[in-house]
Structure formats: structure tokens, C-alpha cells
Amino acid sequence: MKRFFGTTQSGDRPSSHAGLFQGILTAFFLLLGLGVLFPPSGARAAQAEIVVVAPLDGAWVTGKELFLAGFVNGAEVKGVSVEGVSHKGSGSVLPVEGGAFGTMISLREGENVITLTADKLQKKLKVYYGPPQKDKTGPKGYKRFYMHSNPVALDCKECHRLRRGQYDFKKIVPTRANCTTGKCHADMGKAAHVHGPVGAGVCISCHNPHGSFNPMAMGRTGQDLCLVCHQTKQQEFNDTVVHQPVKEGCVDCHNPHESPMRFQLRGNGSSVSSLCFNCHAAAVFTKSHRHGPVGAGDCIACHRPHAGKHKNLLIASPEKAELCFQCHQERKNEFSMKNVHKPVNENCNKCHDPHSSDSRFQLHKKSSALCAECHEKLSPAVYSDIKTATFKHAPVDQGKCTECHRAHSSNEKALLKDNTTKMCFSCHDELGDTVIGSKSKHGPVQTGDCMACHKVHGSKFSRMLVRYYPEEFYKEYSPENYDLCFGCHNKEIAKNKFTSTLTNFRDGEYNLHFYHVNMKKGRNCVACHDAHASSQAKHIRKEVPFGSWSYPITMTKTETGGTCVVGCHAPKTYDRKNPKIKPSR
């Protein structure tokens, strides 16, 4: 290439021959770019022909009178003769002005063969005139051609400009029509929101004044009609998920003329939902508990009206609450604690109806029934306890799972609202005050493990205990009667009268647990011990409940024993090294 354009490798100036050749090539490409050598096809002489604008060949019309319109392309003629139909032109030849011709014609019922002749040019077309058919199929070989009722003669210059003596049919003059000023459409264009062409009176922006094979004489159909002007929407309509009305054409949702609603929506003017309810059953959206946007009728708060990337035209993915966080940002921390409820990580709709529900918080069902749907399978033992419980936990019995559990996430196991100590004492506050003010706490209470002794969802044992424990103050001794306590404590503790190892509550080797418990009228454990906490060592209770009254206990410990002052017997002192009590029984 450097050779052709006269540049040497050494950088010398081009030779005279190379410069001449370069000039010729430059001129060639310049002429090519200007279209001199090869003018575009549109600039070449057009083939001479008679073009009929209306009615079109193969048209089936339901009106006898119509306006025949056409033009002669690629030839200069003075007139066009019309045969096969009667027309209202003066003489048999229609004058051609600016290349165009037109006249009112009258059709015979049935098939009409119209022949147009201009010098050596000829055009034939068949038009069928007949009333509308019940099955709307029309005569075989013909297609319904829609024209304005009561047609009148048209004047080309109303819509087309003359240019160098010829009408320019490529451009249409936005002529204001008289459609809204006459008797036919006098009320058109008076609503709160009017389509631009209607407001401007330029009906021909959408309707073909000559007629069309499309209903209502539309110039185009479907999206093509609207996208001629609304080109910026084209990319949006090509998204992954497209609203069905958009696929079929915009007019299912938008009134092409006017509406009481913005964007000429086909609603009643109060809300977007009034439009949506034209297709979507209102019952789904009108239950007693409604999502805020649904209650406000603002469907497009969550859904895109035309097309989108997500299922159901959602504005964001419903996975992991991405959609919901578009509005509920202030609650995001509530969903991101250490332990997250599985549906939260999947889709909020697993539990909530996004539109409306007869349950609070738009839950699909009453909360207890909703939780049971999953957890009855995940935790069959828990639901067995709930169903078979003789002693029921009030929140569980009332179906109030969220009294104890967080629905979305928690920093505690089992999505509990707080650690068990704080949570349980939020209701059992009197017991909580006792525990907080006590020095000596039962092990499970100290570690916050209430469930070591209690079944929180319900139990067949009193006080919702996990194992049997007697309700009676006096109970004949049997290890089975103290199954609850012996779940942790040594079950041999009260079995033998004498021991040096099983317990420190002994006088010498005389087992004082045996003395108090192992008999026909044995005292149960809580006769002396508070099951939760006390200010005395070994959580010895302050007082012993006995029927409708109680008596105090004061326990003073020493390094080798202690002294018990209680209302049920005289003060007693025991010592493991120096026995004080004479063994009985």
C-alpha cells in the first residue's frame, strides 16, 4: 500500500507517478462516497406504475360508497380512466394533479373488478362489497378492509405537500382533523389525561384516513403502532419477562385516546390497581390484612408494568428478601443475626402473602398453623408433646409461637428472642426477681438452662417437667418418684442409712437424706430445697410451704456440718466428724 500511495521505506518524498496515482484513487473514493459513480437505488428512475392507496386489491368492504385514491409513479400523465365501477368524477377520465388522483366510487354488491388506465399503464384490482358476515370470515379470497363510515372525498394537499409539482407521499403533514369537533366524536379529548395526538387533533398519527386491513383502520398493529413514537420503550419491552398485554399490544392497559388516569390507563382514576383488576381477580388483593402498596393500590411498587428480569415482573429478585428490602431497609438487621430462619434465606413469600391475607402480617395462615406446616415434619417430638400435653404452656396453647421465638433471625439457638433466663423471666417475673436476688442457684438456673427440667412446649408431667416428680409434700420413697432429680443427682443418695461418701448431709456416717426421704411418709426434695434459687447454701429455701401456711428454715453451715432451725422440729446440729444425733429408724 505504501508503494501505491508513493511513500518509500526510507521516508523519501513521493514520486510524480505515485502522486498522480494517489490523486486518482482519492477522487475515486470521494465520488463513490458522494454516490456519483453508483447512485443509490432510490435515486434511479422508478418503474412506471399506477399505485392504488385505497381500496386495496382483495379488499372486502361493507359500505357501498368509498373514496378511490392513488398516484402514478415514474411517469407523467394527465389523467386516469376508471372502468368497472361508477364514479363521481367529471367524465370517464380522472385528472391527475401532482401525480395523484381520487374520486368517490359506488360498488355493486358482490365482486367488483376495477380497471385503471393511464396511457400504456394499467392496474386491475378486485374489491368485494357485502354486508358483515355472522362468522366474520367474509367471502373467500377477500380480507376485511376497514374504512371510516360515511366516507367523503379527500383532498391530497391536506396531508401531503407538493414538492416540485409532485406530492411527497413519504412525509405526512400533521393535519388537524375535525373528528372531535363534529357530531361523531364530540366528547373525545375532554378527559383528565389525553393522548398527545388526540389532544392535537392529529388522528392520522394512528388511523389511516384511506382505510386499512387492520380494525379501526389502524396504520399499524400491536407494539408496532406505539413504538413508532415511543421508541425509547423498545429496549424495555425486550427484557427477559414480558407482560402479556405488552406482547399483544399496549391498548389492553392504555386507552389510546383518553382516560381519567395518568398515562391513559384503563382504570377508574383512583389507583393503578383499578387497572390491574381488569384482569387479576380483586379477591386476592382485598382480604382483611393487606400489604401497604396493595392497600394503596400501587401495584407498580413491586411489579414492573411492561417487562423485567424477574419472575412475575418483580422489580427485584424475591430471593433472600432482596425485593422486600427495597422498602424494609430499616428491618434488615432483624434478618441478619447469627441464626436465620430458613424461609428468610429463601423467599419471604414462604410465610407471607405479598398481596393480602386474612391473617395478621399477611401470613398465609394463622401463625400456629403456618409454623406447623414445616415444623411438624422437622420436629415431630415437639409436636407430639404439644398434642399429648396434659400440662400446657400458655403461649403454645394459644398458638403464639412468636411469644418466645423470633420469626426471622436470632442470636440465640432455636430463634429464641433472648437467652432462656431473660426470656422466661419476662413472663415469670416474680420467680425472676427471686433468682436474681439469690446467692445460691440451682445448676440449670445458673447456666440459664430452664429446659433441663421443663418441657417448654407442653408435658404430661405437672409444671411441664421433663420427668416425673411428685406433687405431694409427703411421698413414700422410691427412686422412680424422684426421676426428675435423679436425672442429674446420684440416685443412691437416699438409699442407704449409713454412708461416708454419698452425701455431706450426714452426722458421722448417719445419712440425713435417708432420714428425711426414705420412709413411707418421706418428704420430697422441695420440702427443704428451692428448685430454682435461694439466699442460703445448697439453695435451702427460706420457708417451707405446708398447706395454706409455711414455716421458716434457717440453715447455718460449718466446715464439718451445720445447724438447722426449722418449724417442723427442734433445732438440730449435725457434724460429720463428731456426730451429734442419735440414729433412729
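In this text the structure is predicted, and so the values were computed from the model without any measurement. (Residues numbered from 1 in each chain as written. Predicted model: local features only at pLDDT ≥ 70, side-chain atom pairs only at ≥ 80, totals over all residues. Heavy atoms only, no water.)

In terms of nonpolar packing, the biggest core is built from 25 residues, with F101, L107, I114 and L116 touching the most fellow members. If you list the elements that add at least two residues to this core, you get strand 1 (49-54), strand 2 (59-61), strand 3 (65-73), strand 4 (79-83), strand 7 (100-106), strand 8 (110-118) and strand 9 (121-129). Looking at which element gives the most residues to this core, the answer is strand 9, with four residues. With residues near it in sequence (within four places) discarded, L107 still touches V61, G63, K64, L66, V85, N112, I114, V127 and Y129. Within the second largest apolar cluster, 12 residues are counted, among which are F473, I540, M555 and Y574. (Core = buried A, V, L, I, M, F, W, Y, C linked by side-chain atoms within 4.5 Å. Buried < 20%, exposed > 50% of the residue type's maximum accessible area, 1.4 Å probe, protein only. Helix = DSSP H or I, 4+ residues; strand = E, 2+ residues; numbered from the N terminus. Contact = heavy atoms within 4.5 Å.)

Looking now at the sheet that holds strand 5 (residues 86-87). Taken in spatial order, the four strands line up as 1-3-7-5 in an open sheet, and their pairing is antiparallel. Lying at the two open borders of the sheet, with one neighbouring strand each, are strand 1 and strand 5. Bridge count between strand 3 and strand 7: seven bridges; the pairing is antiparallel. Across the sheet, G70 pairs through a bridge with F101, a residue of strand 7. (Pairing = 2+ DSSP bridges.)

Quick look at the side chain of N511 now. In this structure, N511 sits in strand 23 (residues 510-511). A distance of 3.0 Å separates a polar atom in the side chain of N511 from the backbone nitrogen of H513. With near-sequence residues (within four places) excluded, N511 lies in contact with I493, A494, N496, K497, F498, T499, T503, F505 and R506. (Polar contact = N/O pair within 3.5 Å; in protein donor to acceptor, adjacent residues only side chain to side chain.)

To continue, consider the sheet that holds strand 9. Read from one edge to the other, the open sheet built from six strands follows the order 6-4-8-9-2-10, with strand pairing classed as mixed. Every interior strand has two partners, whereas the edge strands, strand 6 (93-95) and strand 10 (143-144), have only one. Pairing geometry for strand 8 and strand 9, over nine bridges, is antiparallel. Residue pairing across strands places G110 opposite Y129, the latter belonging to strand 9.

Another aspect to go through is the pattern of salt bridges. Under the definition given, this model contains 12 salt bridges. Between E472 and K475 there is a salt bridge, and its shortest N-O distance comes to 3.7 Å. Among the residues examined, E472 registers a relative accessible area of 37% and is labelled partly exposed. By relative accessible area, which is 22% here, K475 ends up partly exposed. (Salt bridge = Lys/Arg side-chain N within 4 Å of Asp/Glu carboxyl O.)

Moving on: the environment of Y468. Along the chain, Y468 turns up in the loop between helix 14 (443-446) and strand 22 (506-507). Judged by its relative accessible area of 28%, Y468 falls in the partly exposed class. Along the chain, Y468 and D483 lie 15 residues apart, while their C-alpha atoms are 5.8 Å from each other. Ignoring anything within four residues of it in the chain, the contact list for Y468 reads F461, K475, E480, N481, Y482, D483 and L484.

Right, let's get into the confidence of the model for the protein chain. The share of residues in the protein chain with pLDDT of 70 or more is 91%, and the mean pLDDT across the chain is 87. Per-residue pLDDT stays below 50 along residues 1-45; that stretch engages in 16 contacts with residues further than four places along the chain or on separate chains. (pLDDT = per-residue confidence, 0-100.)

Turning to the packing of helix 9 (residues 367-378) against helix 10 (residues 380-388), a few remarks are in order. Taken N-terminus to C-terminus, the directions of helix 9 and helix 10 make an angle of 125°; their axes are 7 Å apart at the nearest point. Judged on the interaxial angle alone, helix 10 and helix 9 are oblique. The segment helix 9 lies against helix 10, with S368, C371, A372, H375, E376, K377 and L378 engaging P380, Y383 and K387. Residues belonging to the contact of helix 9 with helix 10 are distributed by class as follows: five nonpolar, two polar and three charged. (Axes fitted to C-alpha atoms, helices over the stretch in contact; angles between N-to-C directions. Parallel < 35°, antiparallel > 145°, perpendicular 65-115°, else oblique. Nonpolar A, V, L, I, M, F, W, Y, C, P; charged D, E, K, R; others polar.)

The next subject is unusual backbone geometry. Cis geometry marks the peptide bond from A54 to P55; its omega dihedral reads -5°. Along the chain, P55 falls in the loop between strand 1 and strand 2. One non-glycine residue with positive phi stands out, namely Q264, at about 55°. When you line up the elements, Q264 lands in the loop between strand 15 (258-259) and helix 6 (273-276). Unusually for a residue other than glycine, A321 sits at a positive phi of about 65°.

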